[in-house]
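Single-letter residue listing:
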Amino acid sequence: MSKPFMFEKPVGMRDTLPAYYQTKNKVRERMEKETDSWGYLPIETPALEYYDTVGTASAILDQQLFKLLDQQGNTLVLRPDMTAPIARVAASSLKDQAFPLRLSYHSPLFRAQQRDGGRPAEFEQMGVELVGDGTASADGEVIALMAAALKKAGLQNFQIAIGHIGYVNALLLDVVGSEERANTLRRYLYEKNYVGFKQHVKSLPLSSIDEKRLLSLLKLRGGQEKLKDAEELVQNGKAAKALNDLHQLWDVLESYGVSEHIKLDLNLVMHMSYYTGVVFEGYGSKLGFPLSSGGRYDELLQNFNRPAQATGFGIRLDLLVEALGDTEELPEQTCILFSKERRKEAIEEAGKLRESGKRVVLQDLQGVENVDELSEAFAEVYYFIGKKQGGASNE
Ligand SMILES: N[C@@H](Cc1c[nH]c[nH+]1)C(=O)O
C-alpha cells in the first residue's frame, strides 16, 4: 500500500469555513471603508520577501519566520508583517511620491509557532501606515483611525493602551546601565510576565532606591496623571522627550474625542523591535491579549535608503472577530431543482433571479441523494421537473 494520505495541516495553519469567512469579510469591509474615507490608499505586496532585507527589517524573532529558498539559492521569508514591506515600497516603487504617504492594507501574515497551542501561524491583518510625518498629529491620527475602525467593525467596549519605548529604554538604561541587562528586563515586559520582571529586579545588585524605581514602572498605568509620576522616576533628556511626546499626543487624542478609550501604560514593550517612540495596543473587553497594535518607527525606512519618520497600526482580524462574539448567519439562498427536460428553462429562471439580487443554486435532481435534506438548507425552492411548464415554490 502507498503511504496514507495526510489530512493534518502544518502547525498553526487554519481553514476558514464559510460562516467565519462571511463575518471576517464584512468586518474588514467596514473597516476599509473607514480607512478609505481618511484618505489611505490600499496596497498589496508579495507574500515572499528576501530574508536579508524585509525579513530582518520586520524585527521579529528569527524563529518566528518561515524561511525557504528560491531557485537562485536566496533565502526568502513569508512576510511576518506589512510594515517592513511597505517601508520597502515607500523607498522604491513610490520613491518619487512626496511624503507623507498614507497607505492601507489587508493581508495574510505568517508567524511560525513552536507548538500548536491555539495560536495561528497564518492570520489576516488590516492596517495603515503613515509614512514621512513625525508629528504628534500623525501619531494621534493613526490611533484615532484605529479607534474609528474598531467602532465601525462593531466593537463597542475597547481600550487602547499607550506607551513610549523611548521612556522604557531611558528608565531601564538609567537604572541597570547596560543594554544587555535592559534587554532581559524588556523581554519580561514584552511577554507581560510581570511576576518574572519583579523577581528578576529583586535578583539584581541594585540599591533599594533603584529597585523601587524599576518596580514603580509597573504602576505607570492609568490616566494622564501618570505622566507626572513617570517624570519623577527618571530625569534625563530622552525620558523628558518621550513624556513630552505623550503630553502632546494626549492633546491630539482629546481633540479627536477618543480619550475615553485611552489609558497610559508606560511599561508597554512590543513584539517588533523597530519601534522608536509612541507605541499602543488595542484590547476588546472579552480578551486578555491585544487585538491590534502599532506605533512609531522612525528608523526603519533608513534601512531602505529613504530615511523617514513613520507610524501605523495593524488589526488582527481573527482576534477582532473573536472579540465581537457572534459569527454571522450564512446568507439566504434560493434553490432551483430541475430535471434535464427543463434544464434550459431552469437556467433562464436562475439568471433572472440572480439579476434581481438573489443567490441561486441550480441543481439537477439526478445529482441529489436526499431532496428533503437539500430543501431544508434553502429559504425557498423552485421545481422545474418533468414536462409541465412553470415553477412551483415549496412554500
Ligand atoms: N506591523 C505591526 C503593526 C504596525 C503597523 N504599523 C506600525 N506597527 C504588527 O504586525 O504588529
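Residues numbered from 1 in each chain as written. Predicted model: local features only at pLDDT ≥ 70, side-chain atom pairs only at ≥ 80, totals over all residues. Heavy atoms only, no water.

## Digging into the environment of Val371
(1) Moving on: Checked against the element boundaries, Val371 lands in helix H13 (residues 371-376).
(2) Moving on: In sequence terms Val371 and Leu337 are 34 residues apart; their C-alpha atoms lie 9.2 Å from each other.
(3) Moving on: Non-local contacts of Val371, meaning those with residues more than four positions away in its chain, are made with Leu337 and Leu365. (Helix = DSSP H or I, 4+ residues; strand = E, 2+ residues; numbered from the N terminus. Contact = heavy atoms within 4.5 Å.)

## With respect to the site of the ligand
(1) Moving on: What surrounds the ligand is a group of 16 residues, the closest being Asp81, Thr83, Arg111, Glu129 and Tyr275.
(2) Moving on: For the ligand, a nitrogen atom lies 2.7 Å from a polar atom in the side chain of Asp81.
(3) Moving on: Take Thr83: an N or O atom from its side chain is 2.7 Å from a nitrogen atom of the ligand.
(4) Moving on: Its free accessible area being 300 Å², the ligand has 99% of it covered by the protein chains.
(5) Moving on: Where the shell around the ligand is concerned, the elements lending two or more residues are strand E6 (122-131), strand E11 (292-296) and strand E12 (310-316).
(6) Moving on: A breakdown of the residues in the shell around the ligand according to their chemical character gives five nonpolar, eight polar and three charged. (Near = heavy atom within 4 Å. Polar contact = N/O pair within 3.5 Å; in protein donor to acceptor, adjacent residues only side chain to side chain. Areas by Shrake-Rupley, 256 points an atom, 1.4 Å probe, with all protein chains shown as cover. Nonpolar A, V, L, I, M, F, W, Y, C, P; charged D, E, K, R; others polar.)

## A closer look at the sheet that holds strand E7 (residues 158-164)
Backbone-to-backbone hydrogen bonds join strands into a sheet, with any given pair of strands oriented parallel or antiparallel.
(1) Moving on: With respect to topology, nine strands assemble into an open sheet ordered E1-E5-E6-E12-E11-E10-E7-E9-E8, the strand pairing being mixed. The open sheet has two edge strands, strand E1 (41-42) and strand E8 (221-222), and neither has a second partner.
(2) Moving on: Where E8 meets strand E9 (residues 262-265), two bridges bridge the pair, whose relative direction is antiparallel. Bridging from a neighbouring strand, Gly222 pairs with Leu264 of E9.
(3) Moving on: The strands that helix H10 (residues 237-256) touches are E7, E9 and strand E10 (278-284); relative to E7, the one it contacts most, it runs at about 150°. (Pairing = 2+ DSSP bridges. Axes fitted to C-alpha atoms, helices over the stretch in contact; angles between N-to-C directions.)

## Section: the pairing of E12
(1) Moving on: Counting buried positions along E12 yields seven of seven residues, so the element is predominantly enclosed.
(2) Moving on: Judged by which residues are buried, E12 turns out to be covered on both faces: Ala310, Gly312, Gly314 and Arg316 on one side and Thr311, Phe313 and Ile315 on the other are all buried.
(3) Moving on: Where E11 meets E12, five bridges bridge the pair, whose relative direction is antiparallel. Looking across to E12, one finds that Arg296 is bridged to Thr311. (Buried < 20%, exposed > 50% of the residue type's maximum accessible area, 1.4 Å probe, protein only.)

## Things to note about the pairing of E11
(1) Moving on: With five of five residues buried, E11 lies mostly within the body of the structure.
(2) Moving on: Relative to E11, E10 is paired through four bridges, and the arrangement is antiparallel. Counterpart to Val279 in the pairing with E11 is Gly295.

## A closer look at the environment of Arg102
(1) Moving on: Considering the arrangement of structural elements, one finds Arg102 in strand E5 (residues 101-110).
(2) Moving on: Along the backbone, Arg102 and Ala148 are 46 residues apart, and their C-alpha atoms lie at a distance of 16 Å.
(3) Moving on: Discounting chain neighbours no more than four positions away, the residues touching Arg102 are Trp38, Gly39, Tyr40, Leu41, Glu129, Leu130 and Glu141.
(4) Moving on: At 2.9 Å, the side chain of Arg102 and the side chain of Glu141 are in polar contact.

## A short note on helix H4 (residues 136-153)
Given 3.6 residues per turn, any residue in an α-helix points the same way as the ones three and four places further on.
(1) Moving on: Here H4 spans 26 Å end to end across 18 residues, near enough to the 26 Å set by a 1.5 Å rise per residue.
(2) Moving on: Among the 18 residues that make up H4, 15 are buried, leaving the element largely enclosed by the rest of the structure.
(3) Moving on: Remark: Gly154 follows H4 within two positions and exhibits a positive phi of approximately 105°. (Expected span 1.5 Å × (residues − 1).)

## Re the side chain of Asp318
(1) Moving on: Among the structural elements, Asp318 can be located in helix H11 (residues 317-324).
(2) Moving on: The class for Asp318 is buried, based on a relative accessible area of 15%.
(3) Moving on: For Asp318, the side chain forms a polar contact with the side chain of Arg316, separated by 2.8 Å.
(4) Moving on: Beyond its immediate chain neighbours, meaning those up to four positions away, Asp318 contacts Tyr20, Pro120, Phe123 and Glu124.

## Here's the deal with the UniProt feature "binding site: L-histidine" (unreviewed entry) in the chain
(1) Moving on: This chain's UniProt record puts "binding site: L-histidine" (unreviewed entry) on Asp81, Met82, Thr83, Arg111, Gln125, Glu129, Tyr274 and Tyr275.
(2) Moving on: Beyond its immediate chain neighbours, meaning those up to four positions away, Met82 contacts Thr45, Tyr105, Ser107 and Leu109.
(3) Moving on: Here Gln125 shows up in strand E6.
(4) Moving on: If near-sequence neighbours (up to four positions away) are discounted, Gln125 is found in contact with Tyr105, His106, Ser107, Leu109, Arg111, Gly314, Ile315 and Arg316.
(5) Moving on: Of the polar contacts made by the side chain of Gln125, one reaches the side chain of Tyr105; its length is 3.3 Å. (UniProt positions renumbered as here; feature names shortened; annotations may be inferred.)

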